[in-house]
Amino acid sequence: MVLVGSMALVGSERYFPNRRRYFKCRIFITLTQIQISANTKTRTGKMFMLCSVYNGFATNLAQKAVTEGTEPMDAETFVLALLNTLPEKEIRGRKRLQKLVFITKAIGAPVSAKFFLHDFGPFSAEIASATEMLTFVGEIDESDVQLGATKKFVKVYKLNRDAEVHQHLSIGVSKALKDLQRYATVELEIASTILYYHQEKGLPWPSAIEATKELKPSKSVPQVVLKAKEALAMVGLYEGRGTDQVPSP
C-alpha cells in the first residue's frame, strides 16, 4: 500500500493546485516510508496513517484523472475552503473541525470524505489525514493553545496567509458554518452524533436523541441536547415541532 500510495502521486502533478504542494507531498510520503523502515515499533501506526493518506488523497487524484470537474471536493481541498470561509480563518480543536465538516456535508457541502462513529462522535480519517498533510506542506499553521477554566490544550488550525485556495464554498454552506460557530464544541459533538444516528442508522429523531444519550450520558445533559437540536435546526436539518421529518437541505 505504501508503494501504491507513492506511485499514485507519480505523474499526477498536473492535478495538484500547485507544484510546490505536489513535491512536498512526495517528500512527506518518502520521509514516512523511511521512518517506518527505521523503527519497527511504529510500523503499524505509520502504515495506517499512510494508508489513510493514500485512501483519502491519492485515490481522489486518480479519480480526477478520469472525471475531473465532476467529483466533490477531496478532503484537502475542502479543509482549505472551510478555513477560508470562517472570519478568523481558523478552527480551534480537531474535534470541532470534524464536527463542522460532518454537519456541513449533511446540508449539501461537496466533500467526498466518509465518516464513522468514533469516541467523540462522527470521525473521518480522510479529514484527519488531509489536515496533517496540509500542516506539513505549510498551507495550514498548527499551534497549541489553552482554553477554558481547565486550561486544556487544543490544536488550533489557521489558514496560512500564503495558502492557495482554489475552490470556495457556496453562500448557503458558508452561512451555515458561520451560524454553527456560535455553538460550543460539546454541543456540536452531540448534534453531529444525533445527526449520525438519524441519517446513517435511519433512526427517527427521538430515537436518535435517546441513542446519543445512551452513548454519551455525561455530555448529553438537557441544556446541551437542547443547544444541539437548536444548532441542527439553525442549518435546516431538524425541526423541533414534534415531527420526525427532516426538511430538505
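The structure displayed is predicted, hence computed values, not measured ones.

Okay, the overall build of the protein next. A count of helical and extended segments in the protein gives 10 helices and 5 strands. The proportion of buried residues among the 249 residues of the protein is 47%. For the protein, long-range pairs separated by at least 24 residues make up 63% of all intrachain contacts whose partners lie at least 6 apart in sequence. Approximately 12800 Å² of the protein is accessible, and the part contributed by carbon and sulfur atoms is 55%.

Orientation of helix α5 (residues 94-106) relative to helix α6 (residues 125-137), taken along the N-to-C sense of each, is 125°, at an axis distance of 10 Å. With respect to α6, the element α5 is oriented oblique. In this structure, α5 crosses over α6, and the sense of that crossing is right-handed. Seen from α5, the contacting residues are L97, Q98 and V101; seen from α6, they are I127, A128 and T131. For the contact of α5 with α6, the residue count by class is 4 nonpolar, 2 polar and no charged.

Turning to its location among the elements, E90 is positioned in strand β1 (residues 90-92). At 3.2 Å, the side chain of E90 and the side chain of R92 are in polar contact. Those residues within four positions of E90 in sequence are excluded, and the remaining contacts are L83, V156, Y157 and K158.

Attention now goes to the sheet that holds β1. Spatially, 3 strands are ordered β1-β5-β4 in an open sheet, and the strand pairing comes out antiparallel. The outermost strands of the open sheet, each flanked by one partner alone, are β1 and β4 (140-147). Taking the axes of each pair of neighbouring strands and ignoring which way they run, one obtains an average angle of 20° across the sheet. The sheet contact formed by β1 and strand β5 (residues 152-159) spans 3 bridges and is antiparallel. Note on β5: the bridge partner recorded for I91 is Y157. In the packing of α5 onto the sheet, contacts are made with β1 and β5, and the angle to β1 comes to roughly 115°.

Our focus in this paragraph is the nonpolar core. Among the nonpolar cores identified, the biggest contains 54 residues, and L82 and I103 are the most heavily contacted of them. When contributions to this core are tallied by element, the ones reaching two or more residues are α4 (75-85), α5, α6, β5, α7 (171-180), α8 (185-199), α9 (205-215) and α10 (222-234). The contact partners of I103, leaving out residues within four places of it in the chain, are L180, L188, A191, S192, L195, V235 and L237.

To continue, consider the pairing of β5. Here 8 bridges tie β4 to β5, and the two strands are oriented antiparallel to one another. Counted as the bridge partner of V145 is V154 from β5.

On to α7. Here α7 has its buried residues at V173, S174, A176, L177, D179 and L180. Looking at the packing, one finds that the buried side of α7 touches α4, α5, α8 and α10.

About the cut-offs
Residues numbered from 1 in each chain as written. Predicted model: local features only at pLDDT ≥ 70, side-chain atom pairs only at ≥ 80, totals over all residues. Heavy atoms only, no water. Helix = DSSP H or I, 4+ residues; strand = E, 2+ residues; numbered from the N terminus. Buried < 20%, exposed > 50% of the residue type's maximum accessible area, 1.4 Å probe, protein only. Contact = heavy atoms within 4.5 Å. Areas by Shrake-Rupley, 256 points an atom, 1.4 Å probe, with all protein chains shown as cover. Axes fitted to C-alpha atoms, helices over the stretch in contact; angles between N-to-C directions. Parallel < 35°, antiparallel > 145°, perpendicular 65-115°, else oblique. Left-handed = near helix turned anticlockwise from the far one by under 90°. Nonpolar A, V, L, I, M, F, W, Y, C, P; charged D, E, K, R; others polar. Polar contact = N/O pair within 3.5 Å; in protein donor to acceptor, adjacent residues only side chain to side chain. Pairing = 2+ DSSP bridges. Core = buried A, V, L, I, M, F, W, Y, C linked by side-chain atoms within 4.5 Å.

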